Amino acid sequence: DRFEKEGADIWFAQDAPGLLPSGTVCPNCSSRDFDKEHDILDVWFDSGVSFAAVLENSESLSFPADMYLEGSDQHRGWFHSALLTSVETRNRAPYKSVLTHGFVVDGKGEKMAKSKRNVIAPEEVIKSYGVEVLRLWVASEDYREDITISDEILKRLSESYRKIRNTCRFLLGNLHDFTPARAVEYEHLAELDRWALHQLYQLAGRVTAAYDACEFHTIYHLLHNFCVTDLSAVYLDILKDNLYCSLPGGASRKASQTALHVILASLIKLMAPLLPFTADELWGYLPADPSREESVHLARFPRLDPRYLDTPLAEKWQMLFQVRNRGLKMLEEKRAEKLLGNSLEAEIVLEAPEQLFNLLTDNHSVLEDLCIVSRVTLRKASGGPELTPAAAMDKLQVSVVRTAAGKCERCWKYSETVGESPAHPSLCRRCAQ
């Protein structure tokens, strides 16, 4: 009560009898004589001046600290006491930056407590999901707010981790016969491979910027979306025919493998701080390269060729991907009507206004793989005024018919060239070669 009324300085102004209630007796020895303890260091002053002991007496650290890291309650605690003592004695703050985080709560947003029986121990998570999923949970949450954890969240993150890992496994599996010495020069890569490297260049820039800003949840979303959307759903889906069915040493396959190698090595480096065990394991299985560091954790973040950034190419392929999406939607409708099974059973007819027709004609050779069908036929729509790209896309007409050609038992495409080779009557011309 007196502290609240008169302030903390009462400790220094009063002697022991003046601080104690009248008639105070020790319950152990019944003495009425008390001494006031003087060997006390205020805990906030003690932690506040820790920079003097930790930073100024270290060969490997320097004053001021790059960062002070603690919970959001330390704005009025450690961060504050350190700021006051350092400015008073060193005429500057003891840190260049401060990072604060919230606290872990359960799936309902309630603070974890043993009494509520809502605590999830790290050991339980590791036993059920592995330590990498626990790390991914930490990285995926916006730590500036209170952080939620529950079995449902962990299951969802376990699936996300599996998608990232399996995408990397696919990349690795298709590099089994590749060596960096076989890499193809950038200017000889196919446009689709260059598009993938453009996406990678943008990803690397965004991820490294997010690391600089300590926005780890942004990094998680960027890496996950790149693996699931840019790679698995688009680039790798289109590339499978080339990787599986082209000549092992063919120019187009080697070009794609070159892009896959750059993408995988870069991905491993970018994920390494968040998924250290997964990244180091993947690193050990990369194609042999004597110039590569022994561990990914000894490597630097990727420094990519600035030529990879090709905005005009990306804009062009964005149009082609819109055509692909229209084609895939129509194929899905035909499958739902039981008119098709595999998309390779189909032929697609694209009827487009002139400017879109010209784009498709210039890229006719990639449209079959783009839409994953056995044939694409182009027709020019009649007449009409000059259209914007969006309006031209709206006027695109897509029709699907079941092919009458024979099926190649090697690549599963349907082609009129099946049976041309007497030695291989069940193969198309490419596969016979």
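Analysis parameters
Residues numbered from 1 in each chain as written. Predicted model: local features only at pLDDT ≥ 70, side-chain atom pairs only at ≥ 80, totals over all residues. Heavy atoms only, no water. Helix = DSSP H or I, 4+ residues; strand = E, 2+ residues; numbered from the N terminus. Rg over C-alpha atoms; globule rule 2.2 N^0.38 Å. Buried < 20%, exposed > 50% of the residue type's maximum accessible area, 1.4 Å probe, protein only. Areas by Shrake-Rupley, 256 points an atom, 1.4 Å probe, with all protein chains shown as cover. Lys, Arg positive; Asp, Glu negative; His and termini not counted. Charge placed at Lys NZ, Arg CZ, Asp CG, Glu CD. Contact = heavy atoms within 4.5 Å. 1 Å grid on protein atoms, 1.4 Å probe; cavity = no way out; pocket = protein on both sides within 12 Å on 5 of 7 lines; lining within 4 Å. Points joined across faces, edges and corners; volume = space filled by probe spheres on them. Nonpolar A, V, L, I, M, F, W, Y, C, P; charged D, E, K, R; others polar. Phe/Tyr/Trp six-rings, centres within 6.5 Å; stacked < 30°, edge-to-face > 60°. Lys NZ or Arg CZ within 6 Å of the ring centre and 35° of its normal.

**Q** Would you explain the overall build of the protein in this entry?
**A** Within the protein, the secondary structure is distributed over 18 helices and 9 strands. A compact globule built from 433 residues would reach a C-alpha radius of gyration of about 22 Å, whereas the protein, at 32 Å, exceeds it by more than 25%. Viewed in the frame of its principal axes, the protein has a C-alpha envelope of about 115 × 50 × 50 Å. Counting every position in the protein, which comprises 433 residues, the buried fraction comes to 41%. About 25,100 Å² of surface is accessible on the protein, with carbon and sulfur atoms providing 52% of the total. Averaging the positions of the 50 positive and the 62 negative side-chain charges in the protein gives two centres separated by 8 Å.

**Q** Where do I start with the side chain of S140 in this structure?
**A** Mapped onto the elements, S140 comes out in helix α8 (residues 131–140). Under the relative-accessibility criterion, S140 is labelled buried at 12%. Contacts of S140, omitting those with residues within four sequence positions, involve L157, H217, Y220 and H221.

**Q** Is there a simple way to think about empty space enclosed by the protein in this case?
**A** Empty space among the atoms becomes apparent when a probe as large as a water molecule is rolled across them. Under the definition given, this model contains 1 cavity of 30 Å³ or more. Of the volumes computed, that of the largest cavity is approximately 40 Å³. Around the largest cavity sit L136, I164, Y220, L223, M271, L274 and L275, which together line it. Its residues placed into classes, the lining of the largest cavity shows 7 nonpolar, no polar and no charged.

**Q** Whenever I open this one, the side chain of H224 confuses me. Can you help?
**A** Within the secondary structure, H224 is located in helix α11 (residues 216–245). Among residues more than four places away in sequence, those in contact with H224 are S160, K163 and I164.

**Q** For this particular structure, what's the right way to read the packing of aromatic side chains?
**A** When we look at a pair of aromatic rings, we describe it by the centre distance and by the angle of the planes. This structure, assessed with the given rule, holds 11 aromatic pairs. Site record: aromatic cluster; members linked through ring pairs are Y68, W78, F79 and Y95. Lying over the aromatic face of W11, K36 brings its terminal NZ or CZ to 5.4 Å of the ring centre. When the ring centre of W412 is taken as origin, the NZ or CZ atom of K407, which lies over that ring, is 5.2 Å away.

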